[in-house]
Amino acid sequence: CHMVLEHLHEQGHRNVLMLNRSHTSNRDHYYQEAGKTLGMTVQTQTVKIDSQTKSSLAGHTDTTEAAENSMLVRLATGPHDYTAVIGYNDSMAMGIIRALHRAGKRIPEDVCVVGWDNTLAPFASPALTSIDSQFVEMGRQAGKLAIELASADEAKLAAIQKTRIVLKPELFCRESTGTAANL
């Protein structure tokens, strides 16, 4: 969270909207705290996702549409005091982009958009700035540990149980963010 807000802060953004998937997500709290340390205002808005909606893209379609609809309502009713919008994930960020385009907004000239998970980011238009949480590497490391566990004796098992792997997220800056001075 801090990495994204630092990036936006460096570009002059001070008011950010975060569209979240759930009102119980810890991410809201982390964005709020990181925003305070940087002197930024972070508004959060929960996007209602219909669990009955079936999608063909592993959940992306319904999340994208829900974020698009939520953003369209926000654009119609306000407030409009943000210069950047962060989506809970790339799928939501793509819905945000669609809503902004439908409302005649230019990205990043009018509003900047950031996603999270870096799964769809390169395919968005414009290409989406996104955090990569290293999911692929997490899977590799988990698989490696599982293989080690399968053949471990007691001494090795104790060592494996103490293993701690820390993967740092990476911010991929693409076309969807720019300076707030342009806004």
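Overview of the structure. Here, residues in each chain are numbered from 1, in the same order as that chain's written sequence. In keeping with the model being predicted, local features are shown solely for residues with a pLDDT of at least 70 and side-chain atom pairs are shown and tallied solely at 80 or more, while totals for entire chains, interfaces and linings include all residues. Side-chain numbers here rest on the full set of heavy atoms in the structure, without hydrogens or water.

### Focus: the sheet that holds strand β1 (residues 15-20)
For step 1, the next point in the chain: Whether two strands pair comes down to DSSP finding at least two bridges between them. For helices the rule is a DSSP run of H or I covering at least 4 residues; for strands it is a run of E covering at least 2, with both sets numbered from the N terminus onward. The strand order β2-β1-β3-β4-β5-β6 describes an open sheet built from six strands, whose pairing is mixed. The open sheet has two edge strands, β2 (41-46) and β6 (170-172), and neither has a second partner. Between one strand axis and the next, the sheet turns by 20° as a mean value, whatever way the strands run.
For step 2, the next point in the chain: Of the pairings in the sheet, the one linking β1 to strand β3 (residues 84-87) comprises four bridges and is parallel in character. Looking at β3, one finds that M18 is bridged to I86.
For step 3, the next point in the chain: Whether two residues are in contact is decided by their heavy atoms, any of which lying within 4.5 Å being enough. Simply put, an axis is a line fit to the C-alpha atoms, just over the touching stretch for a helix, and the angle between two N-to-C directions goes from 0 to 180 degrees. Packing against the sheet, helix α2 (residues 26-38) makes contact with β1, β2, β3 and β4 (112-116), and its axis sits at approximately 165° to β2.

### A closer look at the environment of V166
For step 1, the next point in the chain: Structurally, V166 can be placed in the loop between α6 (154-161) and β6.
For step 2, the next point in the chain: To sort residues, take the accessible area from a 1.4 Å probe on protein chains only and compare it with the maximum for the residue type: under 20% means buried, over 50% means exposed, and anything in between is partly exposed. On the basis of relative accessible area, V166 is assigned to the exposed category, the value being 55%.
For step 3, the next point in the chain: Along the chain, V166 and M138 lie 28 residues apart, while their C-alpha atoms are 9.3 Å from each other.

### Description of the nonpolar core
For step 1, the next point in the chain: Membership of the largest hydrophobic core comes to 21 residues, with the highest contact counts inside it found for M71, V85, L100 and V113.
For step 2, the next point in the chain: Elements with a contribution of two residues or more to this core: β1, α3 (60-77) and α4 (90-102).
For step 3, the next point in the chain: No other element matches α4, which puts six residues into this core.
For step 4, the next point in the chain: Not counting residues within four places of it along the chain, the set of residues in contact with L100 comprises M71, L75, K105, I107, V111 and V113. Residue types Ala, Val, Leu, Ile, Met, Phe, Trp, Tyr and Cys, when buried and joined through side-chain atoms within 4.5 Å, form a set referred to as a nonpolar core.

Limitation: the analysis is restricted to geometry and does not speak to function.
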